[in-house]
There are 2 protein chains.
Amino acid sequence: MWKNDQEEPVLAANEAFYRAFAVRDLAAMERVWASEVAVACVHPGWTPLLGRDAVMESWAGILGNPKAPAIRCLQAQATVYGDIALVLCYELVERGFLVATNLFVRENGAWKLFHHQAGPAAAEAPETTGELAPASKRLH
Amino acid sequence: MWKNDQEEPVLAANEAFYRAFAVRDLAAMERVWASEVAVACVHPGWTPLLGRDAVMESWAGILGNPKAPAIRCLQAQATVYGDIALVLCYELVERGFLVATNLFVRENGAWKLFHHQAGPAAAEAPETTGELAPASKRLH
């Protein structure tokens, strides 16, 4: 019931999110996010942003900031629950690793991001390939 | 399509999670988490924990630690997508505020937690009642 053939398109949507982030493409970022459901975004250390206007305003600021860090997504793994999908991944940024929870919804056949939270991960670097680290790799 | 009468039971399940956390009740914590789908938990600053065994082992450690901080959930808001629900809330802990993304799945009619990520929020304290702070309250 909880697995289907949508994991690959979900991971492609997740990649599109990080590509838009990495290349500072606000128009692409606007296409990544859902437009038919409520969206929310929790940037690390920020107050949660609720609603598409607030979320897109934040991305306009981040993508337009020349000091914004480079970013790369690692070890994304998707789980699909009908028309909702969860992606858990690492974000490699200049100052270290973050962990992200990304939620997607299927809108008119396309997977769209509707919730993003990124926060600090353990200081230890994850493997750059393969699955997310098993529990034995946690530090405390 | 995306709203229904399940918001209240989802919020009750979210409250049960924080109650189990606050009173250090591991048996209650085990009942809070899903048993029929894959679960994951991202404690702030940890490597993500995948699978019920790793997640429950982490809670056994946290709830059994006399130095674990007090915790309180504030401003929880739920959105229901069929048999999946998202709760976004603040966590008030001794050293400040965290933001949490909690995902629930309906198993045999009961809402069960299957994904939790908590991470740092803005240093500014959220209101202790009412909705999550609007975008204008973010700090940077």
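Please refer to the structure placed before this passage.
The residue numbers shown here count from 1 along each chain, following its written sequence. All chains are assigned letters beginning at A, and all ligands numbers beginning at 1, according to the order in which they are written. It should be noted that, the model being predicted, local features are given only for residues of pLDDT at least 70 and side-chain atom pairs only at 80 or more, the latter also being counted only at that level, while totals for whole chains, interfaces and linings use all residues. In computing side-chain values, all of the structure's heavy atoms are included and hydrogens and water are not.

J.: Lay out the pattern of salt bridges in plain terms, naming residues and giving numbers.
T.: Residue and element names in this part refer to chain B. Any Lys or Arg side-chain nitrogen found within 4 Å of a carboxyl oxygen on Asp or Glu counts as a salt bridge. Under the defined criterion, the tally for this structure stands at 2 salt bridges over all chains. Between Asp 83 and Arg 106 there is a salt bridge whose closest N-O contact spans 3.0 Å. Remark: Arg 106 occurs in strand β5 (residues 96-107) and Asp 83 occurs in the loop between β3 (71-81) and β4 (84-93); sequence separation between them is 23 residues. Residue exposure (1.4 Å probe, protein chains only): buried if accessible area is under 20% of the type maximum, exposed if over 50%, otherwise partly exposed. Taking the relative accessible area as the measure of exposure, Asp 83 reaches 32% and is therefore partly exposed. Secondary structure elements are defined from DSSP: runs of H or I of at least 4 residues count as helices, runs of E of at least 2 residues count as strands, and each element is numbered from the N terminus.

J.: I'd like to hear about the packing of helix α1 (residues 7-22) of chain A against helix α3 (residues 52-63) of chain A, residue by residue, with values.
T.: Residue and element names in this part refer to chain A. To get an axis, a line is fitted to the C-alpha atoms, and for a helix only the part in contact is used. The angle between two axes follows their N-to-C directions and goes from 0 to 180 degrees. Close contact between α1 and α3 brings their axes to 10 Å; oriented N to C, the two are set at 45 degrees. One finds that α1 runs oblique with respect to α3. In contact with Phe 17, Ala 20 and Phe 21 of α1, α3 contributes Trp 59, Ile 62 and Leu 63. Grouping the constituent residues of the contact of α1 with α3 by class yields 6 nonpolar, no polar and no charged. Relative orientations are named as follows: roughly parallel for angles under 35 degrees, roughly antiparallel for angles over 145 degrees, roughly perpendicular for angles from 65 to 115 degrees, and oblique for any other angle. Whether two residues are in contact is decided by their heavy atoms, any of which lying within 4.5 Å being enough. Throughout this entry, Asp, Glu, Lys and Arg are counted as charged residues, while Ala, Val, Leu, Ile, Met, Phe, Trp, Tyr, Cys and Pro are counted as nonpolar. The remaining residues, Gly among them, count as polar.

J.: So what about the packing of aromatic side chains? Which residues, and what values?
T.: Residue and element names in this part refer to chain B. The rule is short: rings of Phe, Tyr and Trp, with Trp giving its six-membered ring, pair when the centres are within 6.5 Å, and they are stacked under 30 degrees, edge-to-face over 60, tilted in between. In the structure shown here, the tally under the stated rule is 14 aromatic pairs over all chains. Considering the side-chain rings of Phe 17 and Trp 33, the 6.4 Å spacing of their centres and the 85 degrees angle between planes classify their relative orientation as edge-to-face. Highlighted residues: Phe 17 in helix α1 (residues 7-22) and Trp 33 in the loop between α2 (26-32) and β1 (40-42), separated in sequence by 16 residues. For Phe 17, a relative accessible area of 0% corresponds to the buried category. With a relative accessible area of 2%, Trp 33 lands in the buried category.

J.: Let's hear about the interface of chain A and chain B: which residues, and what values?
T.: Interface extent is often summarised as the accessible area lost during association of the parts. Each partner contributes residues to the interface: chain A has 40 residues there, and chain B has 40 residues. Note on terms: buried area is the combined drop in 1.4 Å-probe accessible area of two parts once they are placed together, counting the loss on both. Taking both sides of the interface into account, the surface hidden between chain A and chain B amounts to around 3,500 Å²; carbon and sulfur atoms contribute 66%. The tally of links between chain A and chain B comes to 0 salt bridges. N or O atoms within 3.5 Å of each other form a polar contact, as long as, within protein, one can give a hydrogen and the other can take it, and as long as residues adjacent in sequence are counted only when both atoms are side-chain atoms. At the surface where chain A touches chain B, the tally comes to 8 residue pairs in polar contact (both at pLDDT 80 or more). Broken down by secondary-structure element, the contributors of at least two residues to the side of chain A that touches chain B are β1 (40-42), β2 (49-50), α3, β3 (71-81), β4 (84-93), β5 (96-107) and β6 (110-120) of chain A. Tallying contributions element by element places β6 of chain A first for the side of chain A that touches chain B, with 6 residues. Split into classes, the residues belonging to the side of chain A that touches chain B amount to 28 nonpolar, 8 polar and 4 charged.

J.: Tell me what's going on with α3 of chain A, and back it up with residues and numbers.
T.: Residues spaced three or four apart along an α-helix face the same direction, because each turn holds 3.6 residues. All names here are of chain A. Helix span is expected to be 1.5 Å times the residue number reduced by one. Taking 1.5 Å of rise per residue, the 12 residues of α3 would be expected to cover 16 Å, and the 16 Å separating its terminal C-alpha atoms lies within 8% of that figure. Considered for burial, the residues of α3 that qualify are Ala 54, Val 55, Met 56, Ser 58, Trp 59, Ile 62 and Leu 63. Looking at the buried side of α3, the elements it contacts are α1, α2 (26-32), β1, β2 and β6.

J.: How would you explain the sheet that holds β5 of chain B if you had to name every residue and give the values?
T.: Residues and elements named next belong to chain B. The sheet built from 6 strands is open, its strands ordered β2-β1-β6-β5-β4-β3 with mixed pairing. A single partner strand is all that each edge strand has here, and the edge strands are β2 (49-50) and β3. α1 rests against β3, β4, β5 and β6 (110-120) of the sheet, and its axis sits at about 150 degrees to β3. At least two bridges found by DSSP between two strands are what make those strands a pair.

J.: A description of the sheet that holds β3 of chain A should follow, citing residues and the corresponding values.
T.: Residue and element names in this part refer to chain A. Strand order in this open sheet of 6 strands is β2-β1-β6-β5-β4-β3, and the pairing throughout is mixed. Strands with a single pairing partner mark the edges of an open sheet, and in this sheet they are β2 and β3. In the sheet, β1 pairs with β6 via 3 bridges, with the strands oriented parallel. Along β6, the bridge assignment pairs Val 42 with Gln 117. α1 rests against β3, β4, β5 and β6 of the sheet, and its axis sits at about 150 degrees to β3.

Honestly, it's all geometry; don't read function into it.
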